[in-house]
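This is what each chain is made of:
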Amino acid sequence: MQKRNTQQRRRAIIERLNERGEVLVDELARQFSTSEVTIRKDLTELENNGLLLRKFGGAVLLPKDASELSNEKLSSRKIAIAQAAANLIKDHNRIIIDSGSTTSALLPLLKSKLGLVVMTNSLQVSTYLLEQENEPKVLMTGGSWDTQSHSFQGKMAELVLRSYNFDQAFLGAAGLDLQHGTTTFNELTQLSKVMAEVSQQVIVMAESEKLQRKIPNVELSWQAISILVTDDLISADAKKLIEQQGVEVICAVTL
């Protein structure tokens, strides 16, 4: 019976994690009427099985691998969002592409763009671009490697970014908050803010389902965002609320 209860509890933890994007040890202990020690053991076992990522005080969903660039691995919504975002890029633009699976979906669509200068904090993005025939100029932020976001972060990366100015920054989001802006699991949010500061136009690429995620860390306020490119499943009310913040909302048509 004890083993069965443990399995049921761990399945429930994964379900809660998928719903919220993050779980906390103390909340889980109260929910399941068990000790925090037991919950920590559950999270450790689930992490060992590749089902979540431990963090201080709880756990988060595993970050998506930015190397998943093929259409077979990307949802139709991400592909549609990437196509709509790519239409905003002109030849010879100087752009930033942040790490993440949605922003990485842009890469196959840049093959027809000439004279691009691309700054990124992602090894996968830089490697992909350096292999392209149109030979965009690729710049790397450098900095400290962050295992949670699979990207470079930190003061050195911020310093490099501030040495340039860009036409556009293409940023992802773990979550969207109608009142506050983009949200993230990662507490290292400063680099995204610097990316926005050094760019004339800030484009956030995020599926509408990100509005369902309740995530505590605000990354960018709506005031710092120029355009949200999302899918056509966003509700009319949510779209209107975001537009009232001064953000243009582009709804990509999904099949």
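Before reading further, recall that the structure is shown in the block above.
Notes on the structure in this doc start here. (Residues numbered from 1 in each chain as written. Predicted model: local features only at pLDDT ≥ 70, side-chain atom pairs only at ≥ 80, totals over all residues. Heavy atoms only, no water.)

What to know about the nonpolar core
Grouped together as the largest cluster of nonpolar side chains are 29 residues, with contacts concentrated most on Ile96, Leu161, Leu176, Trp222, Leu228 and Ile242. Ranked by residue count, the leading element in this core is helix 8 (residues 190-197), at four residues. The contact partners of Trp222, leaving out residues within four places of it in the chain, are Leu176, Asp177, Leu178, Gln179, His180, Gly181, Leu228, Ile242, Gln245 and Val247. Listed in part, the 25 residues of the second largest apolar core include Ala82, Ala84, Ala86 and Leu110. (Core = buried A, V, L, I, M, F, W, Y, C linked by side-chain atoms within 4.5 Å. Buried < 20%, exposed > 50% of the residue type's maximum accessible area, 1.4 Å probe, protein only. Helix = DSSP H or I, 4+ residues; strand = E, 2+ residues; numbered from the N terminus. Contact = heavy atoms within 4.5 Å.)

With respect to the sheet that holds strand 1 (residues 22-24)
A sheet is described by the order of its strands in space; here three strands give the open sequence 1-3-2, paired in antiparallel fashion. Since the sheet does not close on itself, it has two edges, and those belong to strand 1 and strand 2 (53-55), each with one partner. Strand-to-strand twist across the sheet, computed as the mean angle between neighbouring axes with direction ignored, equals 25°. Summarising the sheet, strand 1 and strand 3 (residues 58-60) pair through three bridges and their orientation is antiparallel. Along strand 3, the bridge assignment pairs Glu22 with Val60. Helix 2 (residues 25-32) contacts strand 1 and strand 3 of the sheet and is inclined by roughly 70° relative to strand 1. (Pairing = 2+ DSSP bridges. Axes fitted to C-alpha atoms, helices over the stretch in contact; angles between N-to-C directions.)

What about the sheet that holds strand 15 (residues 248-252)?
One open sheet holds the seven strands; their spatial order is 6-5-4-9-12-14-15, and the pairing between them is parallel. For this open sheet the edge positions go to strand 6 (137-140) and strand 15, each flanked by a neighbour on one side alone. On average, each strand axis in the sheet is tilted by 20° relative to the strand beside it, whichever way the strands run. Relative to strand 6, strand 5 (residues 117-120) runs parallel, the two being bridged by four bridges. Opposite Met119, over in strand 6, you have Leu139 as the bridge partner.

Regarding the environment of Ile97
Topologically, Ile97 is positioned in strand 4 (residues 94-97). The spatial distance from the C-alpha of Ile97 to the C-alpha of Gln168 is 8.8 Å, given a sequence separation of 71 residues. In this view, Ile97 contacts Thr103, Leu107, Leu110, Val118, Met119, Thr120, Asn121, Val125 and Phe170; residues no more than four positions away in its chain are not counted.

Section: helix 2
Within helix 2, the full set of buried residues consists of Val25, Leu28 and Ala29. Buried residues of helix 2, viewed axially, fall in a sector of 100°; they line one side. The first or second residue beyond helix 2 is Ser33, which carries a positive phi of 55°. (Arc of directions from axis to C-beta.)

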